[in-house]
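One letter stands for each residue in the lines below.
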Number of protein chains: 2
Amino acid sequence: MTKFDEATQAIRVDETTYDVCLDPGYSIGGPLNGGYLMAVLLRAVVDASPHDHPVTTSAQFLRAPRPGPAQVRLEKIKTGRTATMARATLVQEGVSFIEALVTTATLGDVTPDWTDGPSAAMPPVERCVKLPDPKPESGITLNAQVEMFFDPPTIGWLDGRPTGRPEARAYFRLAEPQDPDPYVLALAVDALPPVVFSAGKRGWAPTVDLTWHLRALPAPGLLTLIAGGRLISDGWFDEDVEVWDSAGRLVAQSRQLARVGRG
Amino acid sequence: MTKFDEATQAIRVDETTYDVCLDPGYSIGGPLNGGYLMAVLLRAVVDASPHDHPVTTSAQFLRAPRPGPAQVRLEKIKTGRTATMARATLVQEGVSFIEALVTTATLGDVTPDWTDGPSAAMPPVERCVKLPDPKPESGITLNAQVEMFFDPPTIGWLDGRPTGRPEARAYFRLAEPQDPDPYVLALAVDALPPVVFSAGKRGWAPTVDLTWHLRALPAPGLLTLIAGGRLISDGWFDEDVEVWDSAGRLVAQSRQLARVGRG
């Protein structure tokens, strides 16, 4: 079992309750990463489903849970032949932290009927760069779990040179070697720095809603994350992330609506 | 009160229950339009919220309800200073038809910090075309409630000339004159023919998840709907819709994951 598999495991208590242990290794400086929390939630949902894959997940983030024991509470909404729908709630000490609606289904290994290409080009991985290690006092531990190689202009904001538009692009893999799977994709869709950093904003950008769709099972190898946004207004911004696998397939799509940080 | 306002009204029974009456005038040939159903649901959510606008809505569609009396059941998830989150369920004869998570907030009339332009150009409205009236036996009544003027190539599939990619573009307004508001936008994000028609697919394309974000309050006048998709595979497709108002502002963004029809 890899560290990621262990950090996201969900132990069945009964039909509607799973015990989980939120790992301090996925902190983004206090709060735990939302993608990590979705991966935990989805382990429980898929375990309880007759279907194999979390095809669509809509999560609303209410509060930031602390590391430590928590529960996933499930409610069956509909069990169908093609798809099963459930409500999942991440609960800690009786308080809800994430509310999600999840549809599970079983994806096949098929050739797409039609596919678009990536919405932006990436330079080869040799020309991409890592983020500097976070300072220990930042409390950011997530960076140790993942390896990301960034398209350099999209992290120009680190040196005071933001591109002026919301964007972020990077190759992604777990630091401990592991083939990507749907739970790794749940982490990946929320792993980039907020796209608004590249538009000159700073500070923690809390996600309000993150909806993502699993479109295919990823091939082994590096993932490519391409993120952008359309509008920053009235304290709100959208962030779209496409995830492409090493075989050039679109494997996940996410969109989140988040608040612009005050930092 | 306009016909649309009447068809979407939600009458408070108590803190958690609203009575609604699903109007047969929003049928797409048997099932009622999903955008119309979201508008009904959102009337109840906003009425029960201290905030004014449905900023983000994630809806999963379980079954197709029939016209007639139904209820919206609400559950408060979190009431905050900036935003309030609720769960909303559309129930008919004790059965759930739509499960939604909705965040309400109050949007201001502000200048965006940053905005992208539309993802595709539209010809002037004079060069756009209406769909032919549906045959009475089709059971499609929605078309009488809305006026849409399509970018001609995107409805080439009607004459056996699909463009070969998932897309749809049209100007939109209600048939009965009414300024657009968030409820009209809920209808608008699901009003276009499925984008897969333009890629050569046919048949009813049931929505599984539709998530949309209200980004600004729309100015009076025609709305512009620009829809596309990235992948059609394994019986699933995504449909993204941008809604622009007459002042050139991005007022709504939606993405749905749906099943490809068998028709």
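Note that the coordinates shown come from a computational prediction; the quantities given were computed from them, not determined experimentally.

Helix and strand content of chain A: three helices and 14 strands. Relative to a compact globule of 263 residues, whose C-alpha radius of gyration would be 18 Å, chain A shows 18 Å and is just as compact. The principal-axis extent of the C-alpha atoms belonging to chain A is close to 50 × 45 × 40 Å. Partitioning the contacts of chain A with sequence separation of at least 6, the portion at a separation of at least 24 is 70%. A total accessible area of about 10,200 Å² is found for chain A, and carbon and sulfur atoms account for 51% of it. Of note, chain A has its 25 positive side-chain charges centred 5 Å away from the centre of its 32 negative side-chain charges.

Within this structure, the stated rule accounts for six aromatic pairs over all chains. Pairing Y26 of chain B with Y36 of chain B gives two aromatic rings, centres 4.3 Å apart and planes at 5°, and the pair type is stacked. Here Y26 of chain B is found in the loop between β2 (17-22) and α2 (34-47), whereas its partner Y36 of chain B is found in helix α2, with ten residues between them in sequence. Here Y26 of chain B and Y36 of chain B have matching classes, each one buried. Within the aromatic cluster, the residues linked to one another by ring pairs are F4, Y26 and Y36 of chain A. When the ring centre of Y183 of chain B is taken as origin, the NZ or CZ atom of R43 of chain B, which lies over that ring, is 4.0 Å away.

As a further point, take the relation of the copies chain B and chain A. Structural alignment of chain B on chain A gives an RMSD of 0.0 Å, achieved by rotating through 180° and translating 0.0 Å along the axis. The superposition operator between the copies reduces to a two-fold rotation axis. Minimal C-alpha separation from the rotation axis in chain B is found for S58 of chain B, amounting to 3.1 Å. Interface residue correspondence from chain B to chain A reaches 100%, placing this contact among same-surface, isologous pairings.

This part takes up the UniProt feature "domain: Acyl-CoA thioesterase-like C-terminal" (unreviewed entry) in chain A. On the UniProt side, "domain: Acyl-CoA thioesterase-like C-terminal" (unreviewed entry) is annotated at positions that read residues 126-260 of chain A here. A distance of 32 Å separates the end C-alpha atoms of residues 126-260 of chain A, which is 5% helix and 36% strand.

This part covers unusual backbone geometry. Residues and elements named next belong to chain A. Within the chain, E93 stands out as a residue other than glycine whose phi angle is a positive 50°. Along the polypeptide, E93 turns up in the loop between β5 (83-92) and β6 (95-105). Despite not being glycine, D234 has its phi angle at roughly 60°, a positive value. Among the secondary structure elements, D234 is positioned in the loop between β12 (231-233) and β13 (236-244).

Further remarks concern the interface of chain B and chain A. Across the contact, 59 residues belong to chain B and 59 residues belong to chain A. For the pair chain B and chain A, the summed buried surface comes to about 5,300 Å²; carbon and sulfur atoms form 52% of the total. Note that R87 of chain B and E75 of chain A form a salt bridge whose closest N and O atoms lie 3.2 Å from each other. There are 44 residue pairs in polar contact (both at pLDDT 80 or more) connecting chain B and chain A. The residue makeup of the side of chain B that touches chain A, split by class, is 23 nonpolar, 16 polar and 20 charged.

Annotation from UniProt places "domain: Acyl-CoA thioesterase-like N-terminal HotDog" (unreviewed entry) at residues 25-106 of chain A. Counting secondary structure, residues 25-106 of chain A comes out at 17% helix and 51% strand; the distance between its end C-alpha atoms is 31 Å.

The side chains of a regular strand alternate between both faces of the sheet. All names here are of chain A. Along strand β9 (residues 167-174), seven of the eight residues are buried, which leaves the element largely enclosed by surrounding structure. Note that strand β8 (residues 146-150) and β9 share five bridges and pair antiparallel. Bridge pairing in β9 links M148 to F172. One ladder, built from six bridges, connects β9 with strand β11 (residues 223-228); its direction is antiparallel. Bridge assignment links A170 to a residue of β11, and that residue is L225.

With that out of the way, let us pick up the nonpolar core. F172 and W212 of chain A together with F172 and W212 of chain B are the most contacted members of the largest nonpolar core, which totals 156 residues. When neighbours within four sequence positions are excluded, F172 of chain B is seen to be in contact with V146, E147, M148, V184, L187, A188, A191, L222, L223 and L225 of chain B.

Residue and element names in this part refer to chain B. With respect to the secondary-structure elements, F197 resides in the loop between α3 (182-188) and β10 (207-214). Residue F197 is classed as buried on the basis of its relative accessible area, which comes to 13%. Expressed as a C-alpha distance, the spacing of F197 and L158, which sit 39 residues apart in the sequence, is 8.7 Å.

A few words now on the side chain of S254 of chain A. Its place among the elements puts S254 of chain A in strand β14 (residues 250-259). Setting aside its immediate chain neighbours within four residues, S254 of chain A contacts V189, L210, T211, W212, E239, D240 and V241 of chain A together with R255 of chain B.

Once that is clear, we can look at the pattern of salt bridges. Side chains that carry opposite charge are capable of pairing whenever their charged atoms lie near each other. Inspection of every chain in the model, using the stated rule, returns 40 salt bridges over all chains. Across the pair D116 of chain A and R165 of chain B runs a salt bridge whose closest N-O atoms are separated by 3.3 Å. With D116 of chain A in the loop between β7 (114-115) and β8 and R165 of chain B in the loop between β8 (146-150) and β9 (167-174), this pair bridges two chains. In this structure, D5 of chain B and R43 of chain B form a salt bridge, with 2.9 Å as the shortest nitrogen-oxygen distance.

Residue and element names in this part refer to chain A. Along the chain, A219 falls in the loop between β10 (207-214) and β11. A C-alpha to C-alpha distance of 7.6 Å links A219 and D179, two positions 40 residues apart in sequence. Sequence-distant contacts of A219, defined by excluding residues within four places in its chain, comprise P180, D245, S246, A247 and R249.

To continue, consider the side chain of T154 of chain A. Residues and elements named next belong to chain A. Within the fold, T154 resides in the loop between β8 and β9. For T154, a relative accessible area of 1% translates into the label buried. Within the structure, the side chain of T154 is placed 3.4 Å from the backbone nitrogen of R169, a separation counted as a polar contact. T154 has contacts with T163, E167, A168, R169 and S198, leaving out every residue within four places of it along the chain.

How each quantity is defined
Residues numbered from 1 in each chain as written. Chains lettered and ligands numbered in written order. Predicted model: local features only at pLDDT ≥ 70, side-chain atom pairs only at ≥ 80, totals over all residues. Heavy atoms only, no water. Helix = DSSP H or I, 4+ residues; strand = E, 2+ residues; numbered from the N terminus. Rg over C-alpha atoms; globule rule 2.2 N^0.38 Å. Contact = heavy atoms within 4.5 Å. Areas by Shrake-Rupley, 256 points an atom, 1.4 Å probe, with all protein chains shown as cover. Lys, Arg positive; Asp, Glu negative; His and termini not counted. Charge placed at Lys NZ, Arg CZ, Asp CG, Glu CD. Phe/Tyr/Trp six-rings, centres within 6.5 Å; stacked < 30°, edge-to-face > 60°. Buried < 20%, exposed > 50% of the residue type's maximum accessible area, 1.4 Å probe, protein only. Lys NZ or Arg CZ within 6 Å of the ring centre and 35° of its normal. Least-squares fit on C-alpha atoms with pLDDT ≥ 70 in both. UniProt positions renumbered as here; feature names shortened; annotations may be inferred. Buried area = accessible area lost by both parts, 1.4 Å probe. Salt bridge = Lys/Arg side-chain N within 4 Å of Asp/Glu carboxyl O. Polar contact = N/O pair within 3.5 Å; in protein donor to acceptor, adjacent residues only side chain to side chain. Nonpolar A, V, L, I, M, F, W, Y, C, P; charged D, E, K, R; others polar. Pairing = 2+ DSSP bridges. Core = buried A, V, L, I, M, F, W, Y, C linked by side-chain atoms within 4.5 Å.

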